[in-house]
Amino acid sequence: MLFPAERLVALVIGAFLIADLTLVAGSAISVDWRGYGAVVSCGAVILAVGLAYRWSGRDQKIALAAIAAGLFILFTIVGAALNYLLIPVGAERIDPLLIRLDGLVGYSWPGLVGWASEHPALGTLLRWTYVSSLPQFVIVILTLGMTGRQAQLHAFLLTGVLAAMLTMAFWLVFPSSGPSAYFAIPVETAERLGMVVGPDYGVELNRVMTQGAQRLSPQDVLGLIAFPSFHTVMALMAVWFTRSIRGLFPVFVVINTLMLPAILIHGGHHLTDLFGGLAAFLISVWLARSVLARVTDTRQRPEPAAPAEQGL
């Protein structure tokens, strides 16, 4: 019922779910079970639809797209919850080092935000660009699946899972929260820009990073990881895996070129976070390719020759 790449992702989801439930059981954190039930049900239903189509043999392209979409939703849920359950990480973070590295090339997050606030139309464009990351992922999954690009879809899915695991593992050892937790941005500046990651976001990041979460809900989960930037990984993935799709590739190149300043301004990121995201993307693409080469036999083995027909 599941191809090798799909089975691997399903195993990761199962492992993350076990870790989530174990950490919840050992903590005093309250959980919005109804909220999680709704989003898990959504992913499970989409996955079930895909499995039903594959089992019936009705439309393998729909099956491919639906199974990947369901797995993606379920992984996003259990992964985000696990990330939250790993806090608090304490006051020691690598942000001061990242801020110093940014300063060496003249980058200042407050300076960039202040400049962007003087161009509100650009700020609005970049805000919509920033929040387009998840819709882009859905579009890529559906497009690759519905056009029968199985190998590309599975590489895309596995790359995303590996990149998320890699960024979470690095962040657990070297935590970071981004410049919004260190620099005060005037309220009027944040309002003029409609900042996604503004002053209030930074204050809440500081609180949960040092005190931990009191309630776990799919509606209230913050993006905790600054370095490496997973938004950068997502932007690179959207471009890389649509390069063979003529109608989509140039659009995604434009959108994700704009995504880079959007990540800095609206995502509250250090400049170095983008380079960390690039490294995570490259490593994950290579790992996904290596793993898929091991678990998927794409070689066409010739059928053994029939014995020569004996003369009558």
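Residues numbered from 1 in each chain as written. Predicted model: local features only at pLDDT ≥ 70, side-chain atom pairs only at ≥ 80, totals over all residues. Heavy atoms only, no water.

A.B. asks: Can you help me understand the packing of helix H7 (residues 133-146) against helix H11 (residues 230-240) in this one?
C.D. replies: Pairs of packed helices are described in terms of their axes, by the angle between the two and the distance that separates them. Across the interface, H7 lies against H11 with an axial gap of 10 Å and an inter-helix angle of 35°. As H7 runs across H11, the sense of the crossing is left-handed. The segment H7 lies against H11, with Ser-133, Leu-134, Gln-136, Phe-137 and Val-140 engaging His-231, Met-234, Met-237 and Ala-238. The class makeup of the residues in the contact of H7 with H11 is 6 nonpolar, 3 polar and no charged. (Axes fitted to C-alpha atoms, helices over the stretch in contact; angles between N-to-C directions. Helix = DSSP H or I, 4+ residues; strand = E, 2+ residues; numbered from the N terminus. Left-handed = near helix turned anticlockwise from the far one by under 90°. Contact = heavy atoms within 4.5 Å. Nonpolar A, V, L, I, M, F, W, Y, C, P; charged D, E, K, R; others polar.)

A.B. asks: When you look at the packing of helix H8 (residues 150-173) against H11 in this model, what are you seeing that I'm missing?
C.D. replies: Relative to each other, H8 and H11 sit at 165°, their axes nearing to 10 Å. Taken as axis vectors, H8 and H11 run roughly antiparallel relative to one another. With respect to the hand of their crossing, H8 and H11 are arranged in right-handed fashion. For the pair H8 and H11, the contacting residues are Phe-156, Thr-159, Gly-160, Ala-163, Ala-164 and Thr-167 in the first and Phe-230, Val-233 and Met-237 in the second. Partitioned by chemical class, the residues of the contact of H8 with H11 number 6 nonpolar, 3 polar and no charged. (Parallel < 35°, antiparallel > 145°, perpendicular 65-115°, else oblique.)

A.B. asks: Sorry, what's going on with helix H2 (residues 33-56) here?
C.D. replies: Along an α-helix, residues three or four positions apart point the same way, because every turn accommodates 3.6 residues. The end-to-end C-alpha separation of H2 is 33 Å, in line with the 34 Å expected for 24 residues at 1.5 Å each. Taken together, the buried positions of H2 are occupied by Gly-35, Tyr-36, Gly-43, Leu-47, Gly-50 and Arg-54. If you follow the buried residues of H2, they end up packed against helix H1 (4-25), strand S1 (30-31), helix H3 (60-85) and strand S2 (215-216). (Expected span 1.5 Å × (residues − 1). Buried < 20%, exposed > 50% of the residue type's maximum accessible area, 1.4 Å probe, protein only.)

A.B. asks: How should I be thinking about unusual backbone geometry in this particular structure?
C.D. replies: In terms of backbone geometry, most residues other than glycine have negative phi values and most peptide bonds are trans. A cis amide bond, omega -5°, links Phe-227 with the succeeding residue Pro-228. Within the secondary structure, Pro-228 sits in the loop between S2 and H11.

A.B. asks: What's the story with the packing of aromatic side chains in this structure? I'm lost.
C.D. replies: Each aromatic ring pair is summarised here by two numbers: the centre-to-centre distance and the angle between the ring planes. For the structure shown, the criterion picks out 6 aromatic pairs. On the basis of an interplanar angle of 85° and a centroid distance of 5.5 Å, the ring pair of Phe-156 and Phe-241 is categorised as edge-to-face. Here Phe-156 is found in helix H8, whereas its partner Phe-241 is found in the loop between H11 and helix H12 (249-265), with 85 residues between them in sequence. With respect to burial, Phe-156 and Phe-241 carry one shared label: buried. Ring plane angle 40° and centroid distance 5.1 Å describe the contact between Phe-170 and Phe-174, whose orientation is recorded as tilted. Given a relative accessible area of 30%, Phe-170 falls into the partly exposed group. For Phe-174, a relative accessible area of 40% puts it in the partly exposed group. Members of the aromatic cluster, connected to one another through ring pairs, are Phe-72, Phe-137, Phe-156 and Phe-241. Across from the ring centre of Trp-240, 3.9 Å away, lies the NZ or CZ of Arg-243, which sits over that ring. (Phe/Tyr/Trp six-rings, centres within 6.5 Å; stacked < 30°, edge-to-face > 60°. Lys NZ or Arg CZ within 6 Å of the ring centre and 35° of its normal.)

Read these as spatial facts, not as claims about activity.
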